[in-house]
Amino acid sequence: MTNSDNTSPQRVAAGAEIRPYRIDIPQGELDDLRERLARTRWTSDLPGTGWERGVPTAYLRGLADYWADEYDWRAHEKALNTYPQFTTTIDGVNVHFLHVRSAEPDATPLMLLHGWPGSVVEFLDVIGPLTDPVAHGGDRADAFHLVIPSLPGYGFSGPLPGTGWTDGRTAEALVELMARLGYDRYGVQGGDVGAFVAPRMGTVAPDRVIGVHVNALVTFPTGDPADMAALTEEERARLAAMKEWQERSGAYMQLQGTRPQTIAHSLVDSPAGQLAWIVEKFREWTDPAAELPEDAVDRDRILTDVSVYWFTCTAGSAAHTYYERFTDPGMWAPRERSTTPTAVAVFTTDFSIRRFADKVHNVVRWSEFGRGGHFAALEAPDLLVGDVREFFRTLV
């Protein structure tokens with residue numbers, strides 16, 4: 001496998017330069033955040049209610065106070081800046097990415113794709129084990145060169161400049177990114193939105209993508225009566241749980257998918273509102289064994305993720321990507337089954353059903369885990385790393 005010097009713009013066409021990037025949020029924006037949080041007009045809870053109606057005011061107020069007075073953005077900004085970061089322009093959109101190369105020369109190139117409400121922050125705990133397995137009790141043969149983009153419209157990639165950024169278009173842009181870096185053959189791992197985009201990369205460039213590993217994969221019923229009749233008891237329970245989730249917890253998806261601009265006004269103006277919008281998912285989607293979000297994911301890590309959305313003004317832009325998915329005819333049109341080897345990791349809150357996945361993906365590995373939830377890289381990085389290693393070990 002080949003790679004180019006990731007800091008050498010002369011190796012790419014004019015206008016497609018790869019530019020070094022460093023996070024440096026102006027102090028005025030940090031001051032503005034604290035002032036806005038201090039001026040929050042808080043609502044009250046109805047007596048006797050809790051998380052079943054949304055984020056309780058007392059919890060949110062305590063978390064907002066911590067964000068304003070104790071959380072140290074500069075410390076986390078410095079930690080993020082220890083990793084090489086770059087930006088490039090692809091198809092008119094800015095793409096930010098971390099590019100962390102292993103010291104092992106024969107390491108396998110691997111792209112890691114976050115979801116919503118995630119960011120590159122999701123992967124901080126897996127970078128070391130994947131790039132330097134020996135230092136983390138692994139085998140040097142399992143080393144990876146990592147490319148970790150902020151999806152177009154998310155985080156440090158900045159807001160989208162226009163419409164039409166479907167999962168397919170995003171996949172094409174990310175295939176181009178890997179080409180610009182000189183990676184001819186590589187793997188892709190993704191969860192949530194990343195689990196939509198990663199398989200599309202495999203279909204866009206089947207000659208380049210050696211394998212796709214996904215978690216939090218959404219599997220849709222095929223509509224075939226024979227498939228439904230063949231469902232096991234466990235699969236029926238998982239399908240019923242997914243339907244209940246859609247009915248009771250899918251309001252965010254319907255709003256972002258149908259009226260993203262409406263919620264965008266609130267998300268980019270109110271840090272407390274954006275905090276509630278995101279932290280609710282860290283409560284609902286993490287391992288059920290966790291009572292509070294910070295019982296599953298470190299509180300500072302959650303706030304770093306939330307801060308990325310706030311400082312980049314991309315919570316609204318990210319919402320628009322749901323509209324693109326909802327209105328994309330290619331998303332719902334029948335597609336040929338992918339030939340790319342695919343591994344599916346199923347964690348405690350996932351609803352993935354293999355017989356449905358097999359209809360559209362070339363599933364060669366299916367793993368189920370008893371801990372960790374939707375945010376696998378944050379909640380159970382050891383399990384995710386182990387599964388990624390074992391899968392790609394069979395492909396290189």
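To be clear, the structure that these remarks concern was listed above.
Rules of the game
- Residues numbered from 1 in each chain as written.
- Predicted model: local features only at pLDDT ≥ 70, side-chain atom pairs only at ≥ 80, totals over all residues.
- Heavy atoms only, no water.
- Helix = DSSP H or I, 4+ residues; strand = E, 2+ residues; numbered from the N terminus.
- Rg over C-alpha atoms; globule rule 2.2 N^0.38 Å.
- Buried < 20%, exposed > 50% of the residue type's maximum accessible area, 1.4 Å probe, protein only.
- Contact = heavy atoms within 4.5 Å.
- Areas by Shrake-Rupley, 256 points an atom, 1.4 Å probe, with all protein chains shown as cover.
- Lys, Arg positive; Asp, Glu negative; His and termini not counted.
- Charge placed at Lys NZ, Arg CZ, Asp CG, Glu CD.
- Salt bridge = Lys/Arg side-chain N within 4 Å of Asp/Glu carboxyl O.
- Expected span 1.5 Å × (residues − 1).
- Patch = residues over 30% accessible without salt bridge, like charges linked within 9 Å, V, L, I, M, F, W, Y side chains within 5 Å.

**Side note on the overall build of the protein chain**
Step number 1: Scanning the protein chain from terminus to terminus reveals 18 helices and nine strands.
Step number 2: A globule of 396 residues ought to have a C-alpha radius of gyration of about 21 Å, and the protein chain, at 21 Å, matches this closely.
Step number 3: Dimensions along the principal axes, computed over C-alpha positions, put the protein chain at roughly 55 × 55 × 45 Å.
Step number 4: Buried positions account for 56% of the 396 residues belonging to the protein chain.
Step number 5: In the protein chain, 74% of the contacts between residues at least 6 apart in sequence involve partners at least 24 apart.
Step number 6: For the protein chain, the accessible surface area stands at approximately 17,000 Å², while carbon and sulfur atoms represent 49% of it.
Step number 7: Considering the protein chain, the positive charge centre built from 37 side chains and the negative charge centre built from 55 side chains are found 3 Å apart.

**A look at the side chain of Ser157**
Step number 1: Within the fold, Ser157 resides in the loop between strand 5 (144–150) and helix 5 (167–180).
Step number 2: Once residues lying within four places of it in the same chain are set aside, the contact partners of Ser157 are Asn94, Val95, His96, Ser150, Leu151 and Pro152.

**Things to note about the pattern of salt bridges**
Step number 1: Per the stated rule, a full pass over the model turns up 19 salt bridges.
Step number 2: Linking Asp167 and Arg325 is a salt bridge whose minimum nitrogen-to-oxygen distance equals 2.8 Å. Here Asp167 is found in helix 5, whereas its partner Arg325 is found in helix 14 (residues 315–326), with 158 residues between them in sequence. Each member of the pair Asp167 and Arg325 is classed as buried.
Step number 3: For Arg238, the salt bridge identified is with Glu234, shortest N-O distance 3.5 Å.

**Re helix 2 (residues 57–69)**
Step number 1: Between its first and last C-alpha, helix 2 extends 18 Å over 13 residues, near the 18 Å set by a 1.5 Å rise per residue.
Step number 2: Residues Thr57, Tyr59, Leu60, Leu63, Ala64, Tyr66, Trp67 and Ala68 constitute the buried set of helix 2.

**Comments concerning the environment of Val188**
Step number 1: Following the sequence through the fold, Val188 ends up in strand 6 (residues 186–191).
Step number 2: Separated by 21 residues in sequence, Val188 and Val209 have C-alpha atoms that sit 7.2 Å apart.
Step number 3: The contacts of Val188, once residues within four sequence positions are left out, are Leu110, Met111, Leu113, Ala198, Met201, Val209, Gly211, Val212, His213 and Phe392.

**Some details on a nonpolar patch on the surface**
Step number 1: On the surface, a cluster of nonpolar side chains totalling about 300 Å² of accessible area is made up of Val218, Phe220 and Trp332.
Step number 2: Along the chain, Phe220 falls in the loop between strand 7 (209–215) and helix 7 (225–229).

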